[in-house]
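A look at the structure
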Amino acid sequence: MLSKRSVIVALGLAALAIPFGGAHAQTALDDVLKAKTVRIGVPTDYPPYGFVGPDLKPMGLDIDVAGLIGTRLGVKVELVPVVSANRIPYLQTRKVDLIVSTLGRNEERAKIIDFSHAYAPFYQGVFALKTTEIKTFADLAGKTVAVARGAMEDEMLAQVAPPTTIVKRFEDQAATTAAFASGQTQVIATSVSNIGVLSQKNPGLGVEYKLLLRDSPCFVGIAKGEDALRGKVNAIILAAKADGTLEKLSQKWLKRGAGDLPL
Amino acid sequence: MSAGADPSATNPVLVPPHTEVGAPIVRITALRKSFGDNEVLKGIDLDVMRGEVVAVIGKSGSGKSTLLRCINGLEAFQEGSLTVDGKPLLHESAQAMRELRQRVGMIFQSFNLFPHLSVGRNVMLAPRLVKKRRPDENEARARQLLDRVGLAEKFDAMPDQLSGGQQQRVAIARALAMDPAVLLCDEITSALDPELVGEVLRVVESLAEDGMTLLMVTHEMGFARKVADRVIFMHQGRVHESGPPDSIFGAPRTPELKQFLSSLHE
Amino acid sequence: MVEFTLWDILRNLLLAARWTVVLSLIAFAGGGAVGLVLLVLRLTGNRVADAAIGAYVQLFQGTPLLMQLFLLYFGIALFGVETSPWMAACVALILYASAYLTEIWRGCVAAVPRGQWEASASLALGFGQQLAHVVLPQALRIAVPPTVGFLVQVVKGTALASVIGFVELTKAGGMIANVTYEPLLVYGCVALIYFALCFPISLYAGSLERKLHVGRR
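Residues numbered from 1 in each chain as written. Chains lettered and ligands numbered in written order. Predicted model: local features only at pLDDT ≥ 70, side-chain atom pairs only at ≥ 80, totals over all residues. Heavy atoms only, no water.

The next subject is the overall build of chain C. For chain C, the helix and strand inventory stands at 8 helices and 0 strands. Reading chain C from its N end, one meets helices and strands in the order α-α-α-α-α-α-α-α. Each of the three principal axes of chain C carries a C-alpha extent, and together these read 75 × 50 × 20 Å. Counting over 217 residues, chain C shows a buried share of 50%. A separation of at least 24 residues holds for 76% of the contacts in chain C among residues at least 6 apart in sequence. With the model as given, the accessible surface of chain C reaches about 9700 Å², and the carbon-plus-sulfur share is 71%. (Helix = DSSP H or I, 4+ residues; strand = E, 2+ residues; numbered from the N terminus. Buried < 20%, exposed > 50% of the residue type's maximum accessible area, 1.4 Å probe, protein only. Contact = heavy atoms within 4.5 Å. Areas by Shrake-Rupley, 256 points an atom, 1.4 Å probe, with all protein chains shown as cover.)

Residue and element names in this part refer to chain C. Here the UniProt-annotated "transmembrane region" (unreviewed entry) positions come out as residues 20–41, 53–80 and 184–207. From the first C-alpha to the last, residues 20–41 spans 31 Å; its make-up is 100% helix and 0% strand. Spanning residues 184–207, this segment combines 100% helix with 0% strand, and its end C-alpha atoms are found 34 Å apart. (UniProt positions renumbered as here; feature names shortened; annotations may be inferred.)

On to the confidence of the model for chain A, then. Residue and element names in this part refer to chain A. Chain-level pLDDT for chain A is 83 on average; 90% of the residues reach the 70-or-more range. For chain A, helix α2 (residues 20–23) is the element with the lowest average pLDDT, namely 42, and strand β1 (residues 37–43) is the one with the highest, namely 94. Segment residues 16–23 is flagged for pLDDT under 50; beyond a separation of four residues in sequence, or across chains, it makes 7 contacts in the model. (pLDDT = per-residue confidence, 0-100.)

As a further point, take the pairing of strand β2 (residues 38–49) of chain B. Alignment of strand β1 (residues 24–35) of chain B against β2(B), held across 9 bridges, turns out to be antiparallel. Each bridged residue has a counterpart across the sheet, and for B:Phe35 the counterpart in β2(B) is B:Asn38. (Pairing = 2+ DSSP bridges.)

Going through the model one piece at a time under the given rule, you end up with 18 aromatic pairs over all chains. The interplanar angle of 80° and the centroid separation of 6.0 Å between the aromatic rings of A:Phe115 and A:Phe219 together place this pair among those described as edge-to-face. With A:Phe115 in strand β6 (residues 113–120) and A:Phe219 in strand β12 (residues 218–223), the pair connects residues that are 104 residues apart, well separated along the chain. Judged by relative accessible area, A:Phe115 falls into the buried class, the value being 9%. A network of ring pairs unites the aromatic residues A:Tyr90, C:Phe70, C:Tyr73 and C:Phe74 as a single cluster. The positively charged end of A:Lys95 is found above the aromatic ring belonging to C:Tyr73, 3.9 Å away from the centroid. The lysine or arginine in question, B:Lys33, covers the ring of B:Phe35, its NZ or CZ lying 4.5 Å from the ring centre. (Phe/Tyr/Trp six-rings, centres within 6.5 Å; stacked < 30°, edge-to-face > 60°. Lys NZ or Arg CZ within 6 Å of the ring centre and 35° of its normal.)

A full pass over the atoms with the stated rule returns 0 disulfides over all chains. Unpaired in terms of disulfides, B:Cys185 finds its nearest cysteine sulfur in B:Cys70, a separation of 17 Å. For B:Cys185, a relative accessible area of 2% puts it in the buried group. Take C:Cys198: it sits in no disulfide, and the sulfur closest to it among the cysteines is that of C:Cys189, at 16 Å. (Disulfide = S-S within 2.5 Å.)

Another aspect to go through is the pattern of salt bridges. Considering all chains together, one arrives at 33 salt bridges over all chains under this definition. Among the salt bridges present, the one from A:Asp227 reaches A:Arg230, with a minimum N-O distance of 3.3 Å. Linking A:Asp227 with A:Arg230, this pair stays in helix α10 (residues 227–242), spanning 3 residues, or about one helical turn. In this structure, C:Asp8 engages C:Arg11 in a salt bridge whose closest nitrogen and oxygen atoms are separated by 3.0 Å. With C:Asp8 and C:Arg11 both in helix α1 (residues 6–43) and 3 residues apart, this pair spans about one turn of that helix. When salt bridges that share partners are traced, they join B:Arg69, B:Glu75, C:Arg114 and C:Glu118 into one network. (Salt bridge = Lys/Arg side-chain N within 4 Å of Asp/Glu carboxyl O.)

In this section: the UniProt feature "domain: ABC transmembrane type-1" (unreviewed entry) in chain C. Within this numbering scheme, the UniProt entry marks residues 17–205 of chain C as carrying the feature "domain: ABC transmembrane type-1" (unreviewed entry). In the segment residues 17–205 of chain C, helix accounts for 82% and strand for 0%; the C-alpha atoms at its two ends are 22 Å apart.

All names here are of chain A. Note that Pro-217 resides in the loop between β11 (207–215) and β12. Along the sequence, Pro-217 and Gly-259 sit 42 residues apart, while their C-alpha atoms lie 10.0 Å from each other. Setting aside residues up to four positions removed in sequence, Pro-217 forms contacts with Leu-103, Gly-104, Ala-118, Ala-120, Pro-121, Phe-122, Leu-261 and Pro-262.

Relative to the helices and strands, C:Glu118 resides in helix α5 (residues 114–122). Residue C:Glu118 is classed as buried on the basis of its relative accessible area, which comes to 11%. For C:Glu118, the residues in contact, after removing those within four places along its chain, are B:Arg69, B:Leu74 and B:Phe108.

On to a nonpolar patch on the surface. Nonpolar side chains collect at one region of the surface, where C:Trp19, C:Val22, C:Ile26 and C:Trp86 lie side by side and expose about 300 Å² of accessible area between them. The element contributing the most residues to the nonpolar patch is α1(C), with 3 residues. (Patch = residues over 30% accessible without salt bridge, like charges linked within 9 Å, V, L, I, M, F, W, Y side chains within 5 Å.)

Right, let's talk about the sheet that holds β1(B) for a bit. What holds strands together in a sheet is hydrogen bonding between their backbones, with the strands either parallel or antiparallel. Residue and element names in this part refer to chain B. Read across the open sheet, the 4 strands follow the order β2-β1-β4-β5; overall the sheet is antiparallel. Looking along the sheet, the strands with just one partner apiece sit at the ends: β2 and β5 (87–88). Sheet analysis places strand β4 (residues 79–84) next to β5, joined by 2 bridges and oriented antiparallel. Across the sheet, the residue bridging to Val-84 is Lys-87, located in β5. Its contacts with the sheet put helix α1 (residues 64–71) on β1, β2 and β4, and the angle it makes with β1 is roughly 120°. (Axes fitted to C-alpha atoms, helices over the stretch in contact; angles between N-to-C directions.)

Here it is as structure tokens:
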């Protein structure tokens, strides 16, 4: 059975083979201004960055940032729900203009899309119960680790975990968390925000941070070669940084400061 | 249904064919048929006269059923020619085949009634679709034919409510509804319980008496002896012996026929 | 974080279930129509048609529906063809359903005894008449169980349309589960709603079978 991830990689490689990024030659910003609408892919199943309220309307930090970009560009915002599996294809096929979706920057992705400056903090780590002894990655040997398929933690874990680690992949963050909370696995590799909610719902569980996988702030994703649009977005982010908007958003949704956001 | 000197005119149920009485209604010339590399019919020459009852006998594998199925086009043949009631058999033309099949009716060993239709509808289907018969005329004719085969009261019954012998008689009525010139009977009693064979054979006999041209592949030697005008013995794809029943059954000439006849008595 | 009451959860799931129903109906009606056309084409005996349709069936049966949806939306966009999510989902599901249905129905027609073809041919019925009046009515009876079984598959298959942006029942369940952190409750409701959609279909099939069997032993 093809995993979502292998489909993405296949399509990504196919996209590399077709020189489409250059061929589109910088029309995205013009298209957005002409249509007076910017289409932005956002998560809807990943609190507190993107989730839904009782009326199923998207809300969260990423949605607020998307709204900010739209306002500063002077256009309407059309929010398109995306998931890890399809967000990059959405961008590559120009079905969205930007993705604001807890997107981490790495070399593999940088080959097929462009990134803006960072707009919010984020880190992924390895967590376990207080009673579980984990001081280094070598301690993961032989332990069961829950992780969400295709997420950043999944890729990072593959690089640093010893071969005898038993990795159990689940389809989304909720399932991964449920597995760890119910004791199906001893360890969980996930984002800090996830653990925050987990601890809130299961105060007696006693979850503790053990190891850092990656300090991976969030960047806005832009289609390759669209420098005009990227320039605009970067300007908006820098301005928001300077006037404290990004700090406010971080406090509101993540209950912590934005910290030092890289460019 | 015209009045005239021929016997079928006295019985209003059968429609006279185009061929004259005494003229050949089926002409088969040098017919060859193979299944892949296996040649099953090795050159058949046969004329069947109008009103004649021909019984075809022989061992299984001798080509009897294949010959019959060639006559109404269920099997295609490679060489030779075949004409029925003045119509030549042309495989390539679906139209020609349909016209031919309106003149030749076939009764099958396994009846092949349409299980989802009542007895009456089974008989009325083809005349309605092919001959475009009017509904009232169609129903009247169907009832008449079912009465002819002794099943008038079963008009609204479903096929699976009938015995084998009754189903076969319905099949005969269904074939007759198309006013065929020739009836092909392919071992029509072989699948019946012995006590049901008689009722079917009686119907066939009465058709023969009314002047229907019949070509029957059969194992019922007693019936063939009684009703057939001519018996054809087939052996390994050829007409091996042919003649009136008395000479075929009473005075077989070739060793193959002798052996066949003696094997029946074991 | 946001609070969902049980009613909030159910209400949103039921609203999303609308799309599940609409997509399923489109897939089944469209797939059925296309499948029937392909079936009749195949039955004519034309070798080219037979090979082409055979390849079509192999293609759609041999690849995952998820991939078909993906390629029809994102894949063809790489070549410059713009589709809306609706268009892509409907086309993908119709093609998928047609491939399975035509194959199921081909098997049902093959199950009708050859003697039925021979008897109707001997009565001078044309090919179309044989199909319409003799063969298809019998094949229909045989076709009810496997066709309904497949319809239930289609209903569940619509869940995959979420990959191209549809918020149908499963996706809505995922979104709500991820924000309430109550996956068991939410997915339990999702399962109940799917069951409520599929069970009547099975019941209807049962009554249809009984009705068609009137007259059969």
